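Per-entry structural report
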Amino acid sequence: MTAPTAQRPRSRFVAILRYTLQSCLPPKRWAAILLPCVGAILFGLLSRAVGSSADRAFANVAAEGIFGLAVPIAALVIGDSVLGAEVRAGTFHFTWLSPAPTWQIVLGRWLGGSVVALVTIAPTCALAALVAGSPSSAGPAFVAAAAGSISYVALFIAIGCITRRTAVWSLAVVFLVERLLGAALTGIAQLSPTWESRAAFVGMLDDAPSRLVREGIPQGASAIGRLAIVTLVALVVAHWRMRRMQLSGASD
Amino acid sequence: MDAPMHWPAPMPGTAATPDRSTDPAFVADATVEVAQVSVWFGAKVALSELSCSFGPGVTGLLGPNGAGKTTLMRAMVGLVDVNQGAVRVDGRDPRRDRSVHERMALVPEDEAVPGGLTARRFVQYVADLHRVTDRSAVDRVLHEVGLVDAADRRVDGFSKGMRQRTKVAAALVTDPTVLVLDEPLNGADPVQRQHLIALFKQLGARGCTVVVSSHVLNEVERMAERVIVLMHGRLAAAGGQRAIRDALDDRPRHVLVRADQPRRLAAALVGLDSVAGITFDAGRNALVVQTLQARDVATALPRLAREASIRLFEVRALDDSLESLFRELVR
């Protein structure tokens, strides 16, 4: 028998973060994340076909295609993977049934998801700008996509703490609340990662088409500040709900 | 020594406050207390006014499928909220006080295991969450469940039995004082069953509160000195497992006998003291023998058949399934 080797305990937060990156994203999920990323690049190519300056063409296509479609979908897959899918599979018990504080679990999952978003969605959006022949848009595209996707991951984690049907409710939020209601109501658009990330992108462009500037929504850095607030609120909701989660098994 | 039987549970509205010192549903040194707990999911009542307690040693939780065993276990660890009543672990509410989980572990029945991790990494993850300082603990528990050779293989490629053992290892690495095991022997081969049963008994003997559910009576008999029987979300019986077995033996049993000359055989069986009654099942062309001592009938039957030159085709207990035994318990 070997004597027990007592050492300083490892950090729970680091363990949760590492677990999120190692276990929550199997190859199929990576494929599902990369698909909208490829779509973003295709949107970049598509902008070449639009008959105006490369910068303006990319701005128009990115506002609708990349920030309205590719970023939310890729972020949805990530957000669902880091919590909702685990809850549905019945493997979240192993994390929840631990003395780890729920804020550490929420932050660890969110940070893990954000890291994935930062290495997939954000660079792809920058790459799409380069493919479109608009290198000056690459920086704004990267920053706006990073801020938007990070905010989305927090939002989808919060939804995962509220309902087991994370994917369905997340899609409903993106397409019904953000796209449909957000297009008509500025109040909703102000809280929408889609509209705010788009406003962040447009606000950082040197020569943004005026039709993309929406009244009543902060632009550029202010939009990123708004996204940070949305993220914070989503994380607080997730923390509050996670303490009250009812975890039935996978078969239930 | 076996505790006296509690049988059956009083009906709602007629329940008197149980005298915990004599009621076998309760133990003196309880670590987990369940008080008048009801849980329902929509219109389905999973647990109904259930009261019992669990203390050091192995307690078997027995009941047919849908009896409420899993719900009770999930309520005990705080995975589900109770609609009425209260669950306390060392005096604390497992839903509200997360420090309860420091020394409490659940091995769920689900086959699901985290994907992409090896058994070692998974157990290490659980150890890290519990801030286990003993770096050799992971290897030790993997050895205890017999998974050392497979420790660096991915858990999602494991068989059902290996997954169960991995989850047992993840539970053991936290050095729990309360261990809740939901059908832990599912999928395990006979050698591993033997090994795990010995392990659980050892933990119980060391003072750990081990609650283990099963719908297989023999399994529970082998590892639990105390048994709680659930039926339709209610307490059907509680006490020492021998007391429950004896109580079951006192109930009339039905044995189906098919022979080439059933009427002659019936005439011969009527003379036995152990036979309480005989009916002829025309549909199956067989006799149904009602008895309080099934074993005596089983011993006498071949002798009687031989003496009367009767050929026996089939002898089968009609109510030996656990479900039928439970029906007897709550009748």
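Whatever comes next refers back to the structure up there.
Our focus in this paragraph is the nonpolar core. What tends to happen in soluble globular proteins is that the nonpolar side chains get buried as a cluster. With 154 residues, the main nonpolar core has A:Ile121, A:Phe201 and B:Phe54 as its most contacted residues. The biggest single contributor to this core is helix α3 (residues 54-89) of chain A, with 16 residues.

On to the sheet that holds strand β9 (residues 234-240) of chain B. Residues and elements named next belong to chain B. An order of β5-β6-β7-β3-β8-β9 is seen for the six strands of this open sheet, with the pairing classed as mixed. Where the open sheet ends on each side, the last strands, each with one partner, are β5 (104-107) and β9. The average undirected angle you get between the axes of adjacent strands in this sheet is 15°. Bridge count for strand β3 (residues 57-62) against strand β8 (residues 226-231) is four bridges, and the pairing is parallel. Directly across from threonine 59, in β8, lies its bridge partner arginine 226. Most of the contacts of helix α4 (residues 160-172) go to β5, to which it runs at about 175°, and overall it touches β5 and β6 (178-182).

Many structure descriptions define interface size as the accessible area lost when the parts assemble. In this assembly, 41 residues from chain A lie in contact with 34 residues from chain B. Summing both sides of the interface, chain A and chain B together bury roughly 3,400 Å²; the carbon and sulfur share of this comes to 55%. The largest contributions to the chain A side of the interface with chain B come from A:Arg10, A:Phe94 and A:Leu97, which together make up 22% of the buried area. Where chain A packs against chain B, one counts one salt bridge. Two residues, A:Arg10 and B:Asp128, come together in a salt bridge whose shortest N-O distance is 3.8 Å. For the interface between chain A and chain B, the tally reads eleven residue pairs in polar contact (both at pLDDT 80 or more). Secondary structure elements with two or more residues in the side of chain A that touches chain B: α1 (12-23), α4 (93-96) and α5 (102-131) of chain A.

About the criteria used
- Residues numbered from 1 in each chain as written.
- Chains lettered and ligands numbered in written order.
- Predicted model: local features only at pLDDT ≥ 70, side-chain atom pairs only at ≥ 80, totals over all residues.
- Heavy atoms only, no water.
- Core = buried A, V, L, I, M, F, W, Y, C linked by side-chain atoms within 4.5 Å.
- Buried < 20%, exposed > 50% of the residue type's maximum accessible area, 1.4 Å probe, protein only.
- Helix = DSSP H or I, 4+ residues; strand = E, 2+ residues; numbered from the N terminus.
- Pairing = 2+ DSSP bridges.
- Axes fitted to C-alpha atoms, helices over the stretch in contact; angles between N-to-C directions.
- Contact = heavy atoms within 4.5 Å.
- Buried area = accessible area lost by both parts, 1.4 Å probe.
- Salt bridge = Lys/Arg side-chain N within 4 Å of Asp/Glu carboxyl O.
- Polar contact = N/O pair within 3.5 Å; in protein donor to acceptor, adjacent residues only side chain to side chain.

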